[in-house]
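Coordinates in review
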Amino acid sequence: PITIDKIAAGEVIERPASVVKELVENAIDAGATAVVVEIKDGGISFMRITDNGCGIDREDVRSAFLRHSTSKIRSVDDLLHIGSLGFRGEALSSISAVAQVELITKTKDQTFGTLYRIAGGKEETLEDTGAPDGTTFIIRQLFYNTPARRKFLKTPMTEASHVGDLMTRLALSHPHISFQFINNGQSKLHTSGNGKLKDVIYHIYGREIASNLLKAEYDTPGLKITGFLGKPIISRGNRNFENYYVNGRYARNSIISRAIEDAYKDFTMQHKYPFVVLHIEIDGEHVDVNVHPTKMELRFNNQQEVYNAIYSAVDQGLHEKEL
Ligand code: ADP
Ligand code: MG
């Protein structure tokens, strides 16, 4: 069961991080194994997203910027088994309506790449260019033509930290992809893409956390959990270190959080918030998905079942002997 809420009406683009999210999800959909995101001035004046994915054919470039144009299949299964992250076909049109966009793209079958410029929804350039296989988007002057929305942006430092948080989540949810994040010329994150979640955790959180992890592994019909549990000694005073991804997407959910926290509490007899990075795969029939343009809300048909599975996964992991 699925509710698609306001898919057409919703404003996808609120801030630089929303642009980066949409463009990186497109890169992932395009099969990229390496994605570089560079921003300046919190992303407000400059964002560049480069991938080594399949590229866009010259003849498809224009139409990719039309509203509701998507090359991706949309089905209930798609939305849940988010092999394909995009589903609305409105990211490129929304972004190009409120910024100055430059696209350089080349497929491996083409000899020349394509340079395309569009600003405020108006096409400016479509021409040949030399380019490596893959796609680069440069976004300049976000909301330059919509001052009311520009006013809602926070300081460059705050906007940059939103992008940084997003990059962290993307790296943790896709260990097989190399992500680099450069802010004002400084490299802030650079994962190897070797597929090892533990290496990503080490890179982001450092040695203390990475050397105090227990493995989580749980498989039950309709629900599969993998990832890492921080040993209780590295638990924290807030929820910021509870990372979980449902079917590939970062999620916040009270049932899941409670199951994780209860399992820790029953194990340690202490009230603290754990460090976890969990990848949760849930079958479609167990979950109601309410898809907003910018977030995914989960509702479970059988809350108790989901709670029990997550609780058991964590409980079991905590009782396993150390790695
Ligand atoms: P959606 O992702 O929902 O299909 P978008 O507006 O985000 O819609 O993108 C429109 C289309 O542009 C995509 O369906 C895809 O065909 C193409 N596209 C966008 N970004 C890339 C990319 N980085 N690599 C290859 N194709 C892309
Ligand atoms: Mg998309």
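Refer to the structure above for everything that follows.
Structure report, in brief. (Residues numbered from 1 in each chain as written. Chains lettered and ligands numbered in written order. Predicted model: local features only at pLDDT ≥ 70, side-chain atom pairs only at ≥ 80, totals over all residues.)

A count of helical and extended segments in the chain gives 10 helices and 16 strands. For the chain, the residues scored as buried account for 36% of the 323 residues in total. Partitioning the intrachain contacts of the chain with sequence separation of at least 6 by distance along the chain shows that 66% fall at a separation of at least 24. (Helix = DSSP H or I, 4+ residues; strand = E, 2+ residues; numbered from the N terminus. Buried ≥ 20, exposed ≤ 12 C-beta atoms within 10 Å, placed from the backbone. Contact = placed C-beta atoms within 7 Å.)

Take the sheet that holds strand 12 (residues 242-246) next. Sheet architecture is open: 5 strands sit in the order 10-11-14-12-13, paired in mixed fashion. The strands lining the two open edges of the sheet, one partner per strand, are strand 10 (213-220) and strand 13 (249-250). Across 5 bridges, strand 12 lies against strand 14 (residues 276-282) in parallel orientation. Its bridge partner lying in strand 14, Tyr 245 is registered against His 279. Across the sheet, helix 7 (residues 197-205) lies against strand 10, strand 11 (223-230) and strand 14, angled at about 40° from strand 11, the strand it touches most. Contacts between helix 10 (residues 303-319) and the sheet are confined to strand 10 and strand 11, with strand 10 contributing the most and set at about 140° to the helix. (Pairing = 2+ DSSP bridges. Axes fitted to C-alpha atoms, helices over the stretch in contact; angles between N-to-C directions.)

A few words now on the nonpolar core. In terms of nonpolar packing, the biggest core is built from 71 residues, with Val 20, Val 24, Ile 49, Ile 95, Ile 310 and Val 314 touching the most fellow members. When residues in this core are grouped by element, the largest group, 7 residues, is from helix 1 (residues 16-29). Mapped onto the domain boundaries, this core takes at least three residues apiece from domain 1 (2-190) and domain 2 (208-319). (Core = buried A, V, L, I, M, F, W, Y, C linked by C-beta atoms within 7 Å. Domains from an automatic or database assignment.)

To continue, consider the sheet that holds strand 7 (residues 134-140). The 8 strands are arranged 6-5-4-7-3-2-8-9 in an open sheet whose pairing can be described as mixed. The sheet terminates laterally at strand 6 (122-129) and strand 9 (186-190), the two strands that pair on one side only. Adjacent strand axes in the sheet meet at a mean angle of 10°, parallel and antiparallel pairs treated alike. Pairing of strand 4 (residues 100-106) with strand 7, which is carried by 7 bridges, proceeds in the antiparallel orientation. Within strand 7, the position partnered with Gln 100 by the bridge is Arg 140. Contacts from helix 1 reach strand 2 (34-40), strand 3 (46-51) and strand 7 within the one sheet, and its direction differs from that of strand 3 by about 10°. On top of the sheet, helix 6 (residues 156-173) reaches strand 2, strand 8 (178-183) and strand 9; it is set at about 170° to strand 8, its chief contact.

On to the pairing of strand 7, then. Walk down a regular strand and you will see the side chains alternate between the two sheet faces. The element strand 7 is largely enclosed, with a buried count of 5 among its 7 residues. Of the strand pairs in this sheet, strand 3 and strand 7 are connected by 6 bridges, and their pairing is antiparallel. By the bridge assignment, Met 47 is partnered in strand 7 with Ile 139.

This brings us to the pairing of strand 9. Strand direction decides the pairing type here: strand 8 and strand 9, joined by 4 bridges, are antiparallel. Residue pairing for strand 9: Gln 180 is matched across the bridge by His 190. Linkage of strand 8 to strand 9, two consecutive antiparallel strands, is achieved through a turn of 2 residues, within which Asn 184 is found at a positive phi near 50°.

Let us look at helix 9 (residues 254-268). The end-to-end C-alpha distance of helix 9, which contains 15 residues, comes to 21 Å, matching closely the 21 Å that a straight helix rising 1.5 Å per residue would cover. Where helix 9 is concerned, the buried positions are Ile 256, Ala 259, Ile 260, Glu 261, Ala 263 and Tyr 264. Close packing links the buried residues of helix 9 with strand 12, strand 14 and helix 10. The positive-phi residue at the C-terminal boundary of helix 9 is Met 269, with phi of around 60°. (Expected span 1.5 Å × (residues − 1).)

A separate point is helix 6. Helix length check: helix 6 (18 residues) gives 26 Å between terminal C-alpha atoms against 26 Å at 1.5 Å per residue, within 8%. Of the positions making up helix 6, those classed as buried are Glu 159, Ala 160, Val 163, Met 167, Thr 168, Leu 170, Ala 171, Leu 172 and Ser 173.

This paragraph deals with the packing of helix 1 against helix 6. In the contact formed by helix 1 and helix 6, the axes pass within 8 Å of each other and the chain directions differ by 25°. By the criterion of interaxial angle, the relationship of helix 1 to helix 6 is roughly parallel. Classified by chirality, the crossing of helix 6 by helix 1 is right-handed. Across the interface between the two elements, Pro 16, Ala 17, Val 20, Lys 21 and Val 24 of helix 1 pack against Glu 159, His 162, Val 163, Leu 166 and Leu 170 of helix 6. In terms of residue class, the contact of helix 1 with helix 6 is made up of 7 nonpolar, 1 polar and 2 charged. (Parallel < 35°, antiparallel > 145°, perpendicular 65-115°, else oblique. Left-handed = near helix turned anticlockwise from the far one by under 90°. Nonpolar A, V, L, I, M, F, W, Y, C, P; charged D, E, K, R; others polar.)

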